[in-house]
Amino acid sequence: NAGVTQTPKFQVLKTGQSMTLQCAQDMNHNSMYWYRQDPGMGLRLIYYSASEGTTDKGEVPNGYNVSRLNKREFSLRLESAAPSQTSVYFCASSEATTGGLAGANVLTFGAGSRLTVL
Amino acid sequence: AQTVTQSQPEMSVQEAETVTLSCTYDTSENNYYLFWYKQPPSRQMILVIRQEAYKQQNATENRFSVNFQKAAKSFSLKISDSQLGDTAMYFCARRSGNTGKLIFGQGTTLQVKP
């Protein structure tokens, strides 16, 4: 029972390089999310995907793109990395995000990916 | 912006004692959900407890309980009989009942001392 799997766990980039963080879940969840965690700021939502084929911006989308490849996979891409994107990134999934009971569904998180941009 | 605020960056407690972590939030919704997540040094986010805003009864999970004050928009976490394994960062979060977006507070680092 893998849950949510993120790769890579660690990555060091130079300013201007690009990379993609991969995320896959095996719980048949409809919704997936990308968060970043910075000291003193908690977790902030970058992008989310309510269902396969849809994506929406969160609080801090600038500098990122996402792809919901299929129901299982949701990737996060940094096209031109900047030092301000040094952070720990978390992928998460849940059963649904719409409707009156959407908020009741608990998010399951991956183990996180630590990204350093020099 | 609809925010979640944790005003205690760090706290410590002696093993076996009780500690309360504070959280306040802002929302214009009637239907929403509140959560406490724990993040130990392993970095894994672990759900501690969940509260549905339309329920007046405070949620409890073993040694963990909440004090939910809807009118005051306050959602504190009480940990009873603290254990060394409770040492972690704790995040309060509010989830929109409509969109499902989960918004986190800044976190409180709790150290349980032997």
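Here goes a summary of the coordinates provided. (Residues numbered from 1 in each chain as written. Chains lettered and ligands numbered in written order. Predicted model: local features only at pLDDT ≥ 70, side-chain atom pairs only at ≥ 80, totals over all residues. Heavy atoms only, no water.)

Thoughts on the nonpolar core
Trp36, Phe75, Leu77 and Tyr90 of chain B are the most contacted members of the largest nonpolar core, which totals 25 residues. Listing elements by their share of this core, those giving two or more residues are β3 (19-21), β5 (32-39), β6 (46-52), β8 (64-69), β9 (74-79), β10 (88-96) and β12 (108-113) of chain B. Membership of the second largest hydrophobic core comes to 20 residues, among which are Cys23, Tyr47, Val60 and Leu76 of chain A. (Core = buried A, V, L, I, M, F, W, Y, C linked by side-chain atoms within 4.5 Å. Buried < 20%, exposed > 50% of the residue type's maximum accessible area, 1.4 Å probe, protein only. Helix = DSSP H or I, 4+ residues; strand = E, 2+ residues; numbered from the N terminus.)

Section: the sheet that holds strand β1 (residues 4-7) of chain A
The strands that make up a sheet pair up through hydrogen bonds in the backbone, lying either parallel or antiparallel. Residue and element names in this part refer to chain A. Ordered by their spatial adjacency, 4 strands build an open sheet running β1-β3-β8-β7, and the pairing between neighbours is antiparallel. Of all strands in the sheet, those bounded by a partner on one side alone are β1 and β7 (64-68). Taking each pair of neighbouring strands and ignoring which way they run, the sheet shows an average axis angle of 15 degrees. Examined bridge by bridge, strand β3 (residues 19-25) and strand β8 (residues 74-78) share 3 bridges and lie antiparallel to one another. The residue of β8 that forms the bridge with threonine 20 is arginine 77. (Pairing = 2+ DSSP bridges. Axes fitted to C-alpha atoms, helices over the stretch in contact; angles between N-to-C directions.)

Some words on the packing of aromatic side chains
In total, this model carries 14 aromatic pairs over all chains according to the counting rule given. When the centroid spacing of 6.3 Å and the interplanar angle of 20 degrees are considered together, the rings of tyrosine 33 of chain A and tyrosine 48 of chain A count as stacked. In this pair, tyrosine 33 of chain A sits in strand β4 (residues 31-38) while tyrosine 48 of chain A sits in strand β5 (residues 42-49), placing the two residues 15 residues apart along the sequence. Ring geometry for tryptophan 36 of chain B against phenylalanine 75 of chain B: centres 6.2 Å apart, planes inclined by 25 degrees, an arrangement best described as stacked. With tryptophan 36 of chain B in strand β5 and phenylalanine 75 of chain B in strand β9, this pair connects stretches of sequence that are 39 residues apart. A relative accessible area of 0% means that tryptophan 36 of chain B is categorised as buried. One aromatic cluster is present, formed by Tyr33, Tyr35, Tyr48, Phe90 and Phe109 of chain A together with Phe35, Tyr37, Phe91 and Phe104 of chain B through successive ring pairs. (Phe/Tyr/Trp six-rings, centres within 6.5 Å; stacked < 30°, edge-to-face > 60°.)

What about unusual backbone geometry?
Glycine aside, negative phi is the norm for most residues, and most peptide bonds take the trans geometry. Cis geometry is found at the peptide bond from threonine 7 of chain A to proline 8 of chain A, where omega equals -5 degrees. For lysine 73 of chain B, which is not glycine, the phi torsion reads 55 degrees and is therefore positive. Tracing the sequence through the fold places lysine 73 of chain B in the loop between β8 and β9. Its relative accessible area of 28% is what places lysine 73 of chain B among the partly exposed residues.

Focus on the pattern of salt bridges
Per the counting criterion, the structure on display carries 7 salt bridges over all chains. Between lysine 55 of chain B and glutamate 52 of chain B there is a salt bridge, with the nearest N and O atoms lying 2.9 Å from each other. Lysine 55 of chain B sits in the partly exposed class, given a relative accessible area of 40%. The exposure class of glutamate 52 of chain B is buried, given its relative accessible area of 13%. One continuous salt-bridge network, built from bridges that share partners, spans Arg36, Asp38 and Arg44 of chain A. (Salt bridge = Lys/Arg side-chain N within 4 Å of Asp/Glu carboxyl O.)

Section: the environment of glutamine 39 of chain B
Within the element layout of this structure, glutamine 39 of chain B appears in strand β5. Placed 70 residues apart in sequence, glutamine 39 of chain B and threonine 109 of chain B show a C-alpha to C-alpha distance of 9.2 Å. Excluding residues that lie within four positions of it along the chain, glutamine 39 of chain B makes contacts with Gln37 and Phe90 of chain A together with Gln44, Met45, Ala88, Met89 and Phe91 of chain B. Within the structure, glutamine 39 of chain B has its side chain in polar contact with the side chain of glutamine 37 of chain A (distance 2.8 Å). (Contact = heavy atoms within 4.5 Å. Polar contact = N/O pair within 3.5 Å; in protein donor to acceptor, adjacent residues only side chain to side chain.)

Here we look at the state of the cysteines
Under the definition given, this model contains 2 disulfides over all chains. Disulfide pairing places cysteine 23 of chain A opposite cysteine 91 of chain A at an S-S distance of 1.9 Å. Looking along the S-S bond of the cysteine 23 of chain A-cysteine 91 of chain A disulfide, the torsion reads about -75 degrees, which is the left-handed sense. Note that cysteine 23 of chain A is positioned in strand β3 and cysteine 91 of chain A in strand β9 (residues 87-94), a separation of 68 residues in sequence. Each of the two residues, cysteine 23 of chain A as well as cysteine 91 of chain A, counts as buried. Paired through a disulfide, cysteine 23 of chain B and cysteine 92 of chain B show a sulfur-sulfur distance of 2.0 Å. Where cysteine 23 of chain B bonds to cysteine 92 of chain B through sulfur, the torsion about that S-S bond is close to -70 degrees, and the disulfide is left-handed. (Disulfide = S-S within 2.5 Å.)

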